[in-house]
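# A structural walkthrough
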Amino acid sequence: MTEVIDGEAVAAAIRSGVSDCVETLTASGVRPGLATVLMSDDPASETYVSMKQRDCEEVGIEGFHVEIDPDAPASELYDTIDDLNDREDVSGILVQLPVPDHVDKRTVLRRVAPEKDVDGFHPENVGRLVAGDARFKPCTPHGVQKLLDAYDIETEGADAVVVGRSDIVGKPMANLLIQKAPGGNATTTVCHSRTRNLEEKVGSADIVVAAAGIPGFVDGSMLKEGATVIDVGINKVDADTEKGYELVGDVDYDSASEVAGAITPVPGGVGPMTRAMLLYNTVKAAGLQHDVDVDLP
Ligand code: NDP
């Protein structure tokens, strides 16, 4: 029987643990706060930011939101980040990506104070993750690690294949899986668009993390019997629905679930975990900044 990994349930447990952390912080006189910054009029980005704000409210994290005209000079975004870096009541800062073309993304990622970089994208935090001394693990791969743990899926000694090498998913995912630490110790292969014999590599994996951004890219015929399949993909495809589209993963769920030992659905798998881990990083940031011990979930 294939086990369906319930990301909604695991994320709810993480949120509950985060609420407890908020109570601990509040008892010490600290109100954790997350600032989101949006410099875009893309409806998807607007939706993501408002979901993050709603999540904050649910667990008692104070939400701050700054909107910047997408045509404004880049300096306006940099100045906003500087202001948020200086504010006592802001524990974490999230600049919603992508930013407009005239804004240098690298500058943005370096501008956020590493202590408030709850996305974990600042080079200092990337370096710490690679060195095995993570401060903030990026939310999506951290969420995947939590899902594997929640379902007792052993990473130690497992052959893992990550499809995708982006800075926000593939690379940090692989870095977490190779760490000599709980949730790591996997023998990890990273595949990308130049990989030869990708099918062979995926077919030998005990754990497959699909993050290529291609609908249905991994199907059942590619998988080893009993493999754990984590589908990170969120892809919009045309469909006969009210909105005219539907969201699908990078895994062909129907064929993959015939072969997999465990599998995440889309929606309801990795997506809710990404959101929950942002809250986790925010209370972690508040605890570190104010020297309050929080019992992270
Ligand atoms: P990117 O587009 O930044 O990266 C895609 C990666 O897939 C690249 O490394 C690319 O290789 C690789 N790739 C593309 N085509 C192929 C191919 N034919 N064979 C093998 N590898 C290939 O995407 P992201 O990492 O940002 O996101 C991946 C997916 O995850 C998207 O669907 C995105 O929407 C989703 N996502 C979901 C989140 C969630 O919370 N569930 C959070 C973040 C993203 P190369 O480097 O060579 O170009």
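Residues numbered from 1 in each chain as written. Predicted model: local features only at pLDDT ≥ 70, side-chain atom pairs only at ≥ 80, totals over all residues. Heavy atoms only, no water.

## Focus: the site of the ligand
By nearness alone, 22 residues border the ligand, and Arg 165, Ser 166, Ser 193, Val 232 and Thr 274 come closest of all. Between Arg 165 and the ligand, the recorded distance is 2.7 Å, taken from a side-chain N or O atom to an oxygen atom. At a separation of 3.2 Å, a nitrogen atom of the ligand approaches a polar backbone atom of Val 232. Relative to its unbound accessible area of 920 Å², the ligand is 69% covered by the protein chains. In terms of residue count, helix H10 (residues 270-290) provides more of the shell around the ligand than any other element does, three residues in total. Of the residues that constitute the shell around the ligand, the class distribution is ten nonpolar, ten polar and two charged. (Near = heavy atom within 4 Å. Polar contact = N/O pair within 3.5 Å; in protein donor to acceptor, adjacent residues only side chain to side chain. Areas by Shrake-Rupley, 256 points an atom, 1.4 Å probe, with all protein chains shown as cover. Helix = DSSP H or I, 4+ residues; strand = E, 2+ residues; numbered from the N terminus. Nonpolar A, V, L, I, M, F, W, Y, C, P; charged D, E, K, R; others polar.)

## So, the sheet that holds strand S6 (residues 187-191)
Sheet strands pair by backbone hydrogen bonding; their relative direction is either parallel or antiparallel. Taking strand neighbours across the sheet as the criterion, the six strands line up as S1-S11-S8-S7-S5-S6 in an open arrangement whose pairing is parallel. In this open sheet, the two strands that pair with only one neighbour each are strand S1 (3-4) and S6. In this structure, strand S8 (residues 228-231) lies alongside strand S11 (residues 262-263), joined through two bridges in parallel fashion. Within S11, the position partnered with Thr 228 by the bridge is Ala 262. Sitting on the sheet, helix H7 (residues 170-178) touches strand S5 (159-163), S6 and strand S7 (207-210), and the angle it makes with S5 is about 170°. (Pairing = 2+ DSSP bridges. Contact = heavy atoms within 4.5 Å. Axes fitted to C-alpha atoms, helices over the stretch in contact; angles between N-to-C directions.)

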